[in-house]
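Below are the chains, spelled out letter by letter.
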Amino acid sequence: MTTIAPSLIVHGGAWDIPDEHVEAHIAGCRQAAEVGWKLLCDGASALDAIEAAVRVMEDDPTYDAGRGSNLNAAGQVELDALIMDGATLGAGSVAAVQRVANPISLARLVMEKSEHVLLVADGAEQFAREHGVPICQPQDLLVGRELERWKALQADPTWRTPQAFKAASDTVGAVARDVHGNIAAATSTGGTSKKLPGRVGDSPLIGCGAYANTCTAGVSATGWGESLMKVVFSKLVCDKVEQGLTAQQAIEAGVRVLAQRVGGLGGGIIIDREGRIGFAYNTPRMARAYIVKGDIVSDV
Ligand code: ASP
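A brief report on the enclosed structure follows.

What counts as what
Residues numbered from 1 in each chain as written. Predicted model: local features only at pLDDT ≥ 70, side-chain atom pairs only at ≥ 80, totals over all residues. Heavy atoms only, no water. Phe/Tyr/Trp six-rings, centres within 6.5 Å; stacked < 30°, edge-to-face > 60°. Helix = DSSP H or I, 4+ residues; strand = E, 2+ residues; numbered from the N terminus. Lys NZ or Arg CZ within 6 Å of the ring centre and 35° of its normal. Pairing = 2+ DSSP bridges. Axes fitted to C-alpha atoms, helices over the stretch in contact; angles between N-to-C directions. Contact = heavy atoms within 4.5 Å. Core = buried A, V, L, I, M, F, W, Y, C linked by side-chain atoms within 4.5 Å. Buried < 20%, exposed > 50% of the residue type's maximum accessible area, 1.4 Å probe, protein only. Near = heavy atom within 4 Å. Polar contact = N/O pair within 3.5 Å; in protein donor to acceptor, adjacent residues only side chain to side chain. Areas by Shrake-Rupley, 256 points an atom, 1.4 Å probe, with all protein chains shown as cover. Parallel < 35°, antiparallel > 145°, perpendicular 65-115°, else oblique. Left-handed = near helix turned anticlockwise from the far one by under 90°. Nonpolar A, V, L, I, M, F, W, Y, C, P; charged D, E, K, R; others polar.

## A word on the packing of aromatic side chains
Two aromatic rings, taken as a pair, are described by how far apart their centres are and by the angle between their planes. Under the definition given, this model contains 1 aromatic pair. Relative to Y290, the ring of F279 lies with its centre 5.6 Å away and its plane at 40°, an arrangement referred to as tilted. Of this pair, F279 sits in strand β10 (residues 277-281) while Y290 sits in strand β11 (residues 288-292), placing them 11 residues apart in sequence. Above the ring of Y211, the side-chain terminus of K235 is found at 5.7 Å from the ring centroid.

Structure (structure tokens):
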């Protein structure tokens, strides 16, 4: 079998990442990219690489994913995650889980060990228990920084608007193309801060928070979920590649549609079928790291 050069890109979320958090966001993205890249270079599948990279960022309390996530209006962490295999178009996702620290791995189990694509809340946690996934207590995922922010937001009448959560949300995601040319994409999030309990955003929805098709591209999105869903952002960007755009052109076109059609905010990362990497966003920042000729490039 021919082997081809692998590609990898990760993101650590859109929005106005405050200056004092920039270093931590870059460091976490770099660490995740290094872990995923080593796996890819050792011949691992794109799926294994992105799952491992996303787990690194879920474990890092810097991000709005796993431990450290934003709190909903009731002061609870509710996590969403999606993983997709571009070789088979298989996908697995979970939403509104409160007792699983690495929802991306639970999403992968949904893809591989169930006949379903999306499990939510108690049902997803029951499935986790049945498959030996470690169960934690909701407070294990809560960090002081988010509790303080939640308390401050109680007095903020603008909390239902993107302006209220733009300084907070830092979803994570990864896209890879492995030595066999297969593309996979993943996204994991605690969602937007002070969301209503039970609110599910774009992240766990196939085609919205992520999409992967080895014949076109893989995309992971971040930003205002209610706008990303309306344009089915990740699939829209993959379709642009099918129409002949490069990775960079496609993600830029997707962000334009997001902004012009629904006044949306956000962006994403992409790898196309040629292994080309792209990223674009219309928020002030989006943390990311990717590999160019074996070296890591990172920025916000
Ligand atoms: N897209 C995520 C959501 O709406 C949040 C984010 O990416 O910042 O749940």
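## A word on the sheet that holds strand β1 (residues 7-11)
Judged by pairing direction, the sheet is mixed, and its 8 strands sit side by side in the order β4-β3-β2-β6-β5-β1-β11-β12 without closing on themselves. Each edge of the open sheet carries a strand with a single partner, namely β4 (118-120) and β12 (295-299). Each neighbouring strand pair of the sheet contributes to a mean axis angle of 10°, computed without reference to strand direction. Relative to β12, β11 runs antiparallel, the two sharing 5 bridges. Counted as the bridge partner of Y290 is V297 from β12. Where helix α2 (residues 46-59) meets the sheet, it contacts β1, β2 (79-85), β5 (172-177) and β6 (183-189), and its direction lies at approximately 160° from that of β5.

## Some thoughts on the nonpolar core
In this structure, V10, I83 and L106 are the most contacted members of the largest nonpolar core, which totals 51 residues. Among the elements that take part in this core, α2 stands out by supplying 8 residues, more than any other. Ignoring any residue separated from it by four or fewer positions in sequence, one finds V10 in contact with C29, A33, A53, M57, G173, A174, I269, A287, R288 and A289. Of all hydrophobic cores here, the second largest spans 35 residues; its members include Y211, F233, C238 and I251.

## As for the site of the ligand
Taken together, 11 residues form the shell around the ligand, and within it T171, R199, D202, T222 and G223 come nearest. One of the side-chain nitrogen or oxygen atoms of R199 is found 2.7 Å away from an oxygen atom of the ligand. In the complex, 100% of the free accessible area of the ligand, which totals 270 Å², lies under the protein chains.

## Here's the deal with the sheet that holds strand β7 (residues 210-213)
A sheet is described by the order of its strands in space; here 4 strands give the open sequence β7-β8-β9-β10, paired in antiparallel fashion. The outermost strands of the open sheet, each flanked by one partner alone, are β7 and β10. Looking at each pair of strands side by side, their axes are set apart by 10° on average, direction ignored. For β7 and strand β8 (residues 217-223), the ladder comprises 4 bridges, and the chain directions are antiparallel. The residue of β8 that forms the bridge with Y211 is V219. Packing against the sheet, helix α8 (residues 233-242) makes contact with β7, β8 and β9 (266-272), and its axis sits at approximately 145° to β8.

## Some words on the packing of helix α1 (residues 19-41) against α2
At their nearest, the axes of α1 and α2 sit 8 Å apart, and the two run at 155° to each other. With respect to each other, α1 and α2 are oriented roughly antiparallel. Relative to α2, α1 is oriented so that their crossing is right-handed. Side by side, α1 and α2 meet where G28, C29, Q31, A32, V35, G36, L39 and L40 of the first sit next to A46, D48, A49, A52, A53, V56 and M57 of the second. A class-by-class count of the residues in the contact of α1 with α2 yields 11 nonpolar, 3 polar and 1 charged.

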